[in-house]
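Below, each chain spelled out in residue letters.
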Amino acid sequence: MRLIAFGESFVVGAGDPDHLGWVGRAIAGRREISLYNMGIRREASDQLLARWEAEARLRLVDYEPMRIVFSFGCNDSHLVDGAPRVAVAQTLKNARAMLTGAHALAPVLMVGPPPVVDPGVCARAEALNAALLALCARLQVPFIDVFQPLMAGGLWQAEAAAWDGAHPGAAGYQQMANLVGAHPAWRRFTQAAE
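Notes on the structure in this doc start here.

## Focus on the nonpolar core
Logical step 1: Core analysis: the largest hydrophobic core is formed by 32 residues, its most contacted members being Trp22, Val69, Val111 and Trp186.
Logical step 2: Among the elements of the structure, strand S1 (2–7), helix H1 (9–12), helix H2 (21–26), strand S6 (108–111), helix H6 (119–139), helix H7 (147–153), helix H9 (170–182) and helix H10 (184–189) are those that each provide at least two residues to this core.
Logical step 3: Ala56, Ala106, Leu128 and Leu135 belong to the second largest nonpolar core, which has 23 residues in total.

Structural data, given as structure tokens:
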């Protein structure tokens, strides 16, 4: 099975000394899955919307099943000139277009954004997380909410604070991978490869 992961720096695993991030850790030991990590650091949903379909179609074949996972939102929540880099309404419009378009190609799943240390960005990301969860429910796209569990655990935030204020180290990414990997939606999503 081919698994294409689209998103920002958390998808690519920025800050992980093992360069696995949560995606690589969530499928560790799964030799039957070919991972295409399409995360780009500092990318917002507008930029992802412009590229995801071409990237996915390059990896679409008729002899292997494909799955598409999206995870974004933190970069949209950063302020530029006093306003969020991408307005919530626009992020939701972008997400709707990506999720419905991807669903026409393959099964789709979304993982919500994780917390960051900056309280303003964190509050906006948390509100966006709730809005993305509601959108996914309306679209009947599985959504894995990692925001509160990562906040409550403290490890993610502590590792992020020790490095750049956003990205954890190996243990934080492992914590997120554990949350994702244990979720029934993820198990169903990757079940065809078992």
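Text resumes after the structure shown.
## Quick notes on the environment of proline 149
Logical step 1: By secondary structure assignment, the location of proline 149 is in helix H7.
Logical step 2: Overall, proline 149 belongs to the partly exposed group, its relative accessible area being 33%.
Logical step 3: Expressed as a C-alpha distance, the spacing of proline 149 and proline 115, which sit 34 residues apart in the sequence, is 9.6 Å.

## With respect to the sheet that holds S6
Logical step 1: The sheet built from 5 strands is open, its strands ordered S2-S1-S3-S6-S7 with parallel pairing. This sheet does not close on itself; its edge strands, each paired only once, are strand S2 (34–39) and strand S7 (143–144).
Logical step 2: Bridging between S6 and S7 involves 2 bridges; their strand directions are parallel. Bridging from a neighbouring strand, valine 111 pairs with isoleucine 144 of S7.

## Let's talk about the packing of aromatic side chains
Logical step 1: This structure, assessed with the given rule, holds 7 aromatic pairs.
Logical step 2: One aromatic cluster in this structure is built from Phe6, Trp52 and Phe70.

## As for the pattern of salt bridges
Logical step 1: A full pass over the atoms with the stated rule returns 8 salt bridges.
Logical step 2: Linking aspartate 16 and arginine 25 is a salt bridge whose minimum nitrogen-to-oxygen distance equals 2.9 Å.
Logical step 3: Looking at aspartate 16, the relative accessible area reads 2%, which means it is buried.
Logical step 4: Arginine 25 sits in the buried class, given a relative accessible area of 13%.
Logical step 5: Overlapping salt bridges bring together Asp16, Asp18 and Arg25 as one network.

## Here's the deal with the environment of tyrosine 173
Logical step 1: Looking at the element boundaries, tyrosine 173 is found in helix H9.
Logical step 2: Sequence separation of tyrosine 173 and tryptophan 22 is 151 residues, and the distance between their C-alpha atoms is 4.8 Å.
Logical step 3: In this structure, tyrosine 173 is in contact with Ser9, Phe10, Gly13, Ala14, Gly15, Asp16, Gly21, Trp22, Arg25, Trp156, His167 and Pro168, ignoring residues within four places of it in sequence.

Analysis parameters
- Residues numbered from 1 in each chain as written.
- Predicted model: local features only at pLDDT ≥ 70, side-chain atom pairs only at ≥ 80, totals over all residues.
- Heavy atoms only, no water.
- Core = buried A, V, L, I, M, F, W, Y, C linked by side-chain atoms within 4.5 Å.
- Buried < 20%, exposed > 50% of the residue type's maximum accessible area, 1.4 Å probe, protein only.
- Helix = DSSP H or I, 4+ residues; strand = E, 2+ residues; numbered from the N terminus.
- Pairing = 2+ DSSP bridges.
- Phe/Tyr/Trp six-rings, centres within 6.5 Å; stacked < 30°, edge-to-face > 60°.
- Salt bridge = Lys/Arg side-chain N within 4 Å of Asp/Glu carboxyl O.
- Contact = heavy atoms within 4.5 Å.

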